[in-house]
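Coordinate inspection notes
What follows is the residue order along each chain.
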Amino acid sequence: MVDVAIVAFAQLPSVRCNPVADEAELVQPVTKAAMDAVGLTQSDIGFTCSGSCDYLVGRPFSFVAAVDGLQACPPIRESHVEMDGAWALYEAFVRLLHGDLDTALVFSFGKCSVGPVPDILNVQNDPYCVQSLGLDSISAAALQARALLDAGKATERDFAEIAVRCRRDAKDNPNAHLKGDFDVDAILAEPYISSPLRKSLCSPLSDAAAAIVLATGDKARALVDRPAWIRGIDHRVEPHSLGARDLTVSPSTLIAAERAGVGRDKVDVAELYAPFAPQEIILREALGLPGEAAVNPSGGALAANSVMTAGLIRLGEAAQRVLDGRADRAVGHATSGACLQQNLVAVMEGE
Amino acid sequence: MSEPLRAPYVLEYTFRRTPGPIMGRFLDGLRYETLEGVKTADGRVLFPPREYDETGTAVTNEWVTLRPFGTVRSWSWVEQPRTDHPLSKPFAWALVQLDGADTSIVHAVDAGDAKHMKTGMRVRVRWAHHKSGTVKDIECFEPHSLVMPAPSRLEFEVYPGRHYTAYLKALEEGRFIGGKSGADGKVYVPPRAADPTNGQPATEYVDLADTGVLTTFTVVRIPFPGQKLDPPYCFGAIVLDGADMPIYHLISGVPYDQIRMGMRVKAKWKPREQWGPSLENILYFEPTGEPDVPFEDYAEHL
């Protein structure tokens, strides 16, 4: 069995709009920073995999343009997923399990500032029954939030308290851009966008990029003092049809968490990708997190949400705390699709 | 560095899709206002239909016709619809489980106001006028309650009688009259055949003013079937000067939060050419501006 670890993580600060950087200009500095941290260059990397979505910038094959940000000549072993970078990390992880390569570079980028993201995300809905109705991502999440309220699992005040906590915690995160001291009652006085969701219960949309370097066994130990060993990683998907799901629970997260071994030991820190405040409640329950686990100390997606990158950032934020010794055992989570349709869970440990 | 350039950009695909046998049958059915779900191998009904159930097992070829009624399982009110939304006025997104189906369809509910939305409420399909073979052939859902219209209508000929006739004829001339029995009898409006306090004929007519005191009132804010006026409106009891019985009429010409018991009021008559033998000659009673009448002075008429 090959042991795989995260040895480096870098991110560009999330901002509401980065008007000057194109794909390559987002990718180049962040991949370089991650590789510099462990003294590697592109020619040292065995496998490179990226995650992004062309619809975000509306430019077909924008991920190909992003490769210009790498040193890809002579040609490199490269792959791409039209998904959050967390799934690119999964592919790279699986690739390293073959044992013939000892390093991989994973990166992702998301530019949310140029298009109507809530409408763009409708493109991922069922084209026969949903897409033509124009179900935006906020309204879909609102149906899920209402189901939570109806089930008695949460109140609107619970939602607001999550948003306040995340943005308060984000004050210590230089890479987050929506942060500070917010007030629960002020949030509850905001008008609904799609009831019961109000603006402050939704994530901001951000431009950002992130990169992670993976290494195996002794290579990882040679690169850093304390690799964040990926002890378990799994991802699961639920039915596409919203009306075929119980939106108050996340069986895909539950199974992924079991398979990744979340409950096998203590959890010091968990970084969850919940683009809407109510979703944190569902994810906490499905992951079975112990009470002492610090959840989203970075502020999570409610403080910065670069779609397609925020999931990889969650894995990176969790791994970073193992790398620098602040945590022994960390959980990273990423989601994709409407109402938490797909979920990925990774458990990382120090030695 | 100078300000970076920016420009609008549109991404559009004029795709057409071949929906296949399952979705094709479903969508084709909608053109003809037919709602069909498909059965799974374990006997559940998927609506909207799918090719496979969530375990990945192919559905059967057994179709189930569903009626256009269902129950809201979750909803979200949108006060300001986005450009792409199915309705351009405030509406609700909802998961609607049709009767007989085991899954729900995402669609819109035209309920007018968020306060009409409730999980568990009953809704029915509103079909689009022009069909396109898409899920938009269901224009939306709308609230549905099991209420059967049951109007009843009977036609009569009314003879108001001698005293009512005298009252209505006086109204036709722009006057009020009352009737009383004896010099110290109570004055009834309209006049009546007998004074119920003493059983004596109350046939002596007296002229009354079109001014009086508002003894009590109500502001109607709730709509109801058959209502002739649009709420809100105020309905009051007016004891005309010289009368011992109130008549009932609309109170207006004043903000409703300023209407009070004991207020002096005067009839606001329609133009004379519109008069007939009817209390409808008066549009409403309005304040005179005189000081209010003390409660003790009209307490016996309440």
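Residues numbered from 1 in each chain as written. Chains lettered and ligands numbered in written order. Predicted model: local features only at pLDDT ≥ 70, side-chain atom pairs only at ≥ 80, totals over all residues.

Topic: the overall build of chain B
Tallying secondary structure elements over chain B gives 3 helices and 15 strands in all. Relative to the 2.2 N^0.38 estimate, which gives 19 Å for 302 residues, the radius of gyration of chain B is 33 Å and therefore markedly larger than a compact globule would have. Per-residue burial for chain B yields a buried fraction of 29% across its 302 residues. Across chain B, contacts joining residues at least 24 apart in sequence account for 52% of those joining residues at least 6 apart. (Helix = DSSP H or I, 4+ residues; strand = E, 2+ residues; numbered from the N terminus. Rg over C-alpha atoms; globule rule 2.2 N^0.38 Å. Buried ≥ 20, exposed ≤ 12 C-beta atoms within 10 Å, placed from the backbone. Contact = placed C-beta atoms within 7 Å.)

Looking at the overall build of chain A
Secondary structure assignment for chain A yields 12 helices and 12 strands. On C-alpha atoms alone, chain A measures out to a radius of gyration of 19 Å, which is about the 20 Å that the 2.2 N^0.38 rule sets for 351 residues. C-alpha atoms of chain A, sized along the principal axes, occupy 55 × 45 × 40 Å. In chain A, which comprises 351 residues, the proportion classed as buried is 60%. Intrachain contacts of chain A at a sequence separation of at least 6 include 79% that bridge at least 24 residues.

Some remarks on the interface of chain B and chain A
Opposite the 33 residues of chain B that make contact, chain A presents 29 residues. Counting only elements with at least two residues in the side of chain B that touches chain A, the list comes to α1 (20-31), β4 (69-78), β5 (91-98) and β6 (105-109) of chain B. Top contributing element to the side of chain B that touches chain A by residue count: β4 of chain B, with 5 residues. Classifying every residue of the side of chain B that touches chain A by side-chain character gives 18 nonpolar, 8 polar and 7 charged. (Nonpolar A, V, L, I, M, F, W, Y, C, P; charged D, E, K, R; others polar.)

Details of the sheet that holds strand β3 (residues 63-66) of chain B
All names here are of chain B. Taken in spatial order, the 3 strands of this open sheet run β2-β1-β3, and their pairing is antiparallel. Strand pairing shows two members of the sheet lacking a second neighbour, β2 (45-46) and β3, which therefore form its edges. Pairing analysis gives 4 bridges linking strand β1 (residues 35-39) to β3, with the strands arranged antiparallel. If you follow V38 over to β3, its bridge partner there is W63. (Pairing = 2+ DSSP bridges.)

Overview of the domain arrangement of chain B
For chain B, the assigned domains are domain 1 (20-143) and domain 2 (161-301). One C-alpha centre belongs to domain 1 of chain B, the other to domain 2 of chain B, and the line joining them spans 55 Å. (Domains from an automatic or database assignment.)

Concerning the environment of L96 of chain A
Residue and element names in this part refer to chain A. As for its position among the elements, L96 is in helix α4 (residues 85-97). Along the sequence, L96 and L197 sit 101 residues apart, while their C-alpha atoms lie 42 Å from each other. Leave out the neighbours within four places in its chain, and L96 touches V2, V4, L101, A104, L214 and T216.

Brief notes about the packing of helix α10 (residues 251-260) of chain A against helix α11 (residues 277-287) of chain A
Residue and element names in this part refer to chain A. Contact geometry for α10 and α11: axes closest at 8 Å, N-to-C directions at 40 degrees. By the criterion of interaxial angle, the relationship of α10 to α11 is oblique. Like other packed secondary-structure pairs, α10 and α11 cross with a definite hand, here right-handed. Here T253, L254 and A257 of α10 lie close against α11, whose contacting residues are L283, A286 and L287. Here the residues of the contact of α10 with α11 are counted per class, giving 5 nonpolar, 1 polar and no charged. (Axes fitted to C-alpha atoms, helices over the stretch in contact; angles between N-to-C directions. Parallel < 35°, antiparallel > 145°, perpendicular 65-115°, else oblique. Left-handed = near helix turned anticlockwise from the far one by under 90°.)

So, the nonpolar core
One broad trend across soluble globular proteins is that nonpolar side chains are buried collectively. In this structure, V106, I212 and L214 of chain A together with V109 of chain B are the most contacted members of the largest nonpolar core, which totals 163 residues. In contact with L214 of chain A, other than residues within four places in its own chain, are V4, A5, I6, A92, F93, L96, T103, A104 and V106 of chain A. Judged by nonpolar contacts, the second largest core, of 24 residues, contains L208, L214, F217 and A267 of chain B. (Core = buried A, V, L, I, M, F, W, Y, C linked by C-beta atoms within 7 Å.)

A short note on the confidence of the model for chain B
Mean pLDDT over chain B stands at 93; residues scoring 70 or higher make up 100%. Predicted complex metrics record ipTM = 0.87 and pTM = 0.78. (pLDDT = per-residue confidence, 0-100.)

Thoughts on unusual backbone geometry
Residue and element names in this part refer to chain A. The peptide bond linking C73 to P74 adopts the cis configuration, its omega dihedral lying at 5 degrees. You will see that N296, though not glycine, has its phi angle at about 50 degrees, which is positive. Inspection of the secondary structure puts N296 in the loop between β10 (294-295) and α12 (310-323). By C-beta crowding, N296 is classed as buried, having 26 other C-beta atoms within 10 Å. Residue M308 is not a glycine yet carries a positive backbone phi of 85 degrees. Assignment of secondary structure puts M308 in the loop between β10 and α12.

Remarks on helix α1 (residues 23-37) of chain A
All names here are of chain A. The end-to-end C-alpha distance of α1 is 22 Å, a good match for the 21 Å that 15 residues give at a rise of 1.5 Å each. Within the span of α1, buried status applies to E23, L26, V27, V30, T31, A34 and M35. For α1, the arc enclosing every buried residue in end-on projection is 135 degrees, short of the 170-degree limit, so these residues lie on one face. Tucked into the core, α1 has its buried residues touching β1 (4-11), α3 (62-66), β4 (103-111) and β7 (207-216). Where α1 ends, the next residue or the one after it, G39, has phi of about 70 degrees, a positive value. (Expected span 1.5 Å × (residues − 1). Arc of directions from axis to C-beta.)

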